Amino acid sequence: SDEAEYRALAITELNLPAADHGDVLVSADVEVGNWDEDTRAFTANGTPVNAARVTVRKTASNGNAFDLTFGGIVSFSSIDIETIAVATSSGSGGTACALALSSSAKGAIDVGGNAVVAFNSCDVAANSDDDDALEVGGSATLDANCASIVGGTDAASPEFDLTCGAAETGTSATADPYSGLPDPTVGNCIDTNYKNTSGTDTLSAGTYCGKFEITGGTVELGSGTYVIDDGNFSVNGGATLKEVDGGTGVTIILTDSDGDSPGSVTINGGAIVTLAAPTSGDYSGVVFYQDKDAASTTKNKFNGGSTTNFTGALYFPNEAIEFTGGNTTGGSTCTQVIAQTIDFTGNSTLNSSCDSAGTTPILITSSSHLVQ
C-alpha cells in the first residue's frame, strides 16, 4: 500500500503540480483492496489485495475548483471535477521454482497418482496456452505460493492449494532465465563409456564420451563442469553420487559434438545424489544442463525411492522431466526445475531460498491495467 500511495502521489505531482493546481490528490484518496472481476466492484481493504483506487479532485470544497476562462459570461466561473480510477494487477510478480516452457502441451505441468508436491514459498509457471496447461489428478496434491499459466487449468482446492488464493490464467509467458547459457565446449575425452560398479571413485571435471553409468558404489565429483558427450547419464539404485568434500560446485552438461541429440538423465530408485551448482562462472546456479538440440520426445527420469538433493537448476529446455514416487528433491535450500514439460507422480519438495545459490530467478510477470 505504501508503494501504491507513493507512486500515485508522485505521478499526480508530475502531471498536476500542487503549486498550480492545489492538492489534487492526498494520501487518504489512495486506497488498496480487492477488485472482483465478476461483479466489477472494488472493496477497500478487501482481500486478496490486487488493486488500487485513486480519487483526484478539483473542487470548490477542496479549494482548487477548475477555472472556466469564459464561464463568467454565463455566471459559471468554475466547476467541480472529481475522477475515480481503479487499477488491478495480474501475475504474482514473484519467483517460481518450476517452469514448463512448452507453448502448447496439455498438462505441461502434471501432478498425478498419489504425489504430494510442495513448492515452498515459490510459484509454479506454465507457458502452454492449452486449456489444461496445469493438471492435478488422482489423489495428488500441489501446494505453492501462486501459479502463473498462459492457458488454463481445472485444478482446484484442496488438491491445488495456493497461498495467493487462485491461479493466474491467461498470463504472459514466463521468460526462460537460462536461455543465454553458452553452448558447451567439448574437450578431449577423459574416459569413454565410464562405469562404476563398486567401491569409491573420485573423478575430475572435463569431457566424458559415451554413456556415463554408476551402477553401484560411490562416485565423488571434483568441482567443475562435466560434459557428457553423446551418451546417457544414469545412477542406479544402491549407488551414491556426490561432490567431493569442500567443493565449489558441479555442473553436468549433456551434449553431442556430432550434432545429434544429446543423451538423457536417469536416476533410479534407491540412488543417493547430492550435488550443488557453482555460484559463479558461465554455468552459475546450474546443476544439470541438457543441450538445446535435445530431441523433444525423450524424458529425463528421477525415479521412485531416490533421494535427490540438488542445490541449483535442473535445466532441460527442450525435453521433459519426470519425477516418480518417493523423491525428496529439495532437501537443499534451493531447487529450480525448468523443462519443456514436468511430470510429478511421486512426493517432491522444492525450496526457494536461492539468494546464495548462484541461480537466476524465474521471474513471474506482473502487469497493471485500468479496469474502471
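A brief structural summary. (Residues numbered from 1 in each chain as written. Predicted model: local features only at pLDDT ≥ 70, side-chain atom pairs only at ≥ 80, totals over all residues. Heavy atoms only, no water.)

## Remarks on the overall build of the protein
Reasoning step 1: Broken down by element type, the protein carries two helices and 32 strands.
Reasoning step 2: Here the protein has a C-alpha radius of gyration of 27 Å; the compact-globule value for 372 residues is 21 Å, and the former is much larger.
Reasoning step 3: Viewed in the frame of its principal axes, the protein has a C-alpha envelope of about 100 × 40 × 35 Å.
Reasoning step 4: For the protein, buried positions account for 46% of its 372 residues.
Reasoning step 5: As presented, the protein carries roughly 16,500 Å² of accessible surface, and 46% of it is formed by carbon and sulfur atoms. (Helix = DSSP H or I, 4+ residues; strand = E, 2+ residues; numbered from the N terminus. Rg over C-alpha atoms; globule rule 2.2 N^0.38 Å. Buried < 20%, exposed > 50% of the residue type's maximum accessible area, 1.4 Å probe, protein only. Areas by Shrake-Rupley, 256 points an atom, 1.4 Å probe, with all protein chains shown as cover.)

## As for unusual backbone geometry
Excluding glycine, residues mostly have negative phi values, and the peptide bonds linking residues are mostly trans.
Reasoning step 1: Cis geometry marks the peptide bond from Ser 157 to Pro 158, where omega comes out at 5 degrees.
Reasoning step 2: Look at Asn 45: it is not a glycine, yet its phi comes out positive at around 65 degrees.
Reasoning step 3: Checked against the element boundaries, Asn 45 lands in the loop between β2 (41-44) and β3 (51-58).
Reasoning step 4: Phi is positive for Ser 121, close to 60 degrees, though the residue is something other than glycine.
Reasoning step 5: Along the chain, Ser 121 falls in the loop between β9 (116-120) and β10 (123-126).

## Let's talk about the nonpolar core
Reasoning step 1: Grouped together as the largest cluster of nonpolar side chains are 59 residues, with contacts concentrated most on Phe 119, Phe 233, Phe 288 and Leu 314.
Reasoning step 2: Sorting elements by how many residues they give to this core places strand β28 (residues 307-324) first, with five residues.
Reasoning step 3: Residues in contact with Leu 314, not counting those within four places in the same chain, are Val 287, Phe 288, Phe 302, Ile 321, Phe 323, Gln 336, Val 337 and Ile 338.
Reasoning step 4: Among the nonpolar cores identified, the runner-up in size contains 15 residues, and Leu 99, Tyr 178, Tyr 283 and Ile 364 belong to it. (Core = buried A, V, L, I, M, F, W, Y, C linked by side-chain atoms within 4.5 Å. Contact = heavy atoms within 4.5 Å.)

## A closer look at the state of the cysteines
Reasoning step 1: Per the counting criterion, the structure on display carries four disulfides.
Reasoning step 2: Shown here is the disulfide that connects Cys 189 with Cys 209, its sulfur atoms set 1.8 Å apart. Judged by the sign of its S-S torsion, about -75 degrees, the bond between Cys 189 and Cys 209 is left-handed. Of this pair, Cys 189 sits in strand β16 (residues 189-196) while Cys 209 sits in strand β18 (residues 206-214), and the two are 20 residues apart along the sequence.
Reasoning step 3: Classification of Cys 209 as buried rests on a relative accessible area of 11%.
Reasoning step 4: With cysteine numbering restricted to those in disulfides and following the sequence, the protein has the pairing 1-2, 3-4, 5-6, 7-8. (Disulfide = S-S within 2.5 Å.)

## Notes on the sheet that holds strand β14 (residues 160-162)
Reasoning step 1: Read across the sheet, four strands follow the order β14-β12-β9-β30 without closing on themselves; strand pairing throughout is parallel. Each end of this open sheet is capped by a strand with a single partner; those strands are β14 and β30 (348-351). Across the sheet, the mean angle separating the axes of adjacent strands is 5 degrees when strand polarity is ignored.
Reasoning step 2: In terms of strand pairing, strand β12 (residues 141-144) meets β14 through three bridges, oriented parallel. What sits directly across from Asp 143, in β14, is Asp 161. (Pairing = 2+ DSSP bridges. Axes fitted to C-alpha atoms, helices over the stretch in contact; angles between N-to-C directions.)

## Here we look at the pairing of β10
Reasoning step 1: Of the two faces of β10, the one carrying Asp 123 and Ala 125 and the one carrying Val 124 and Ala 126 are both buried.
Reasoning step 2: In the sheet, β10 pairs with strand β13 (residues 147-149) via three bridges, with the strands oriented parallel. Its bridge partner being in β13, Ala 125 is matched across the sheet by Ser 148.

## Topic: the side chain of Gln 336
Reasoning step 1: Along the chain, Gln 336 falls in strand β29 (residues 335-345).
Reasoning step 2: We classify Gln 336 as buried; its relative accessible area is 3%.
Reasoning step 3: Within polar-contact distance, the side chain of Gln 336 engages the side chain of Tyr 178 at 2.6 Å.
Reasoning step 4: Those residues in contact with Gln 336, other than ones at most four positions away along the chain, are Cys 97, Tyr 178, Gly 312, Ala 313, Leu 314, Thr 359, Thr 360, Pro 361 and Ile 362. (Polar contact = N/O pair within 3.5 Å; in protein donor to acceptor, adjacent residues only side chain to side chain.)

## Here's the deal with the packing of aromatic side chains
Reasoning step 1: Counted by the stated rule, this structure contains 16 aromatic pairs.
Reasoning step 2: Seen from their ring centres, Tyr 283 and Tyr 289 are 6.0 Å apart, and the 40 degrees between their planes marks the pair as tilted.
Reasoning step 3: For Tyr 283, a relative accessible area of 10% gives the class buried.
Reasoning step 4: Looking at Tyr 289, the relative accessible area reads 0%, which means it is buried.
Reasoning step 5: Summarising the aromatic geometry, the rings of Phe 323 and Phe 344 are spaced 5.3 Å apart at their centres and angled 10 degrees between planes, so their arrangement reads as stacked. Remark: Phe 344 occurs in strand β29 and Phe 323 occurs in strand β28; sequence separation between them is 21 residues.
Reasoning step 6: With relative accessibility at 0%, the residue Phe 344 sits in the buried group.
Reasoning step 7: Ring pairing ties together the aromatic residues Phe 119, Tyr 194, Tyr 208, Phe 212, Tyr 226, Phe 233, Phe 288, Phe 302, Phe 310, Phe 316, Phe 323 and Phe 344, which thus form one cluster. (Phe/Tyr/Trp six-rings, centres within 6.5 Å; stacked < 30°, edge-to-face > 60°.)

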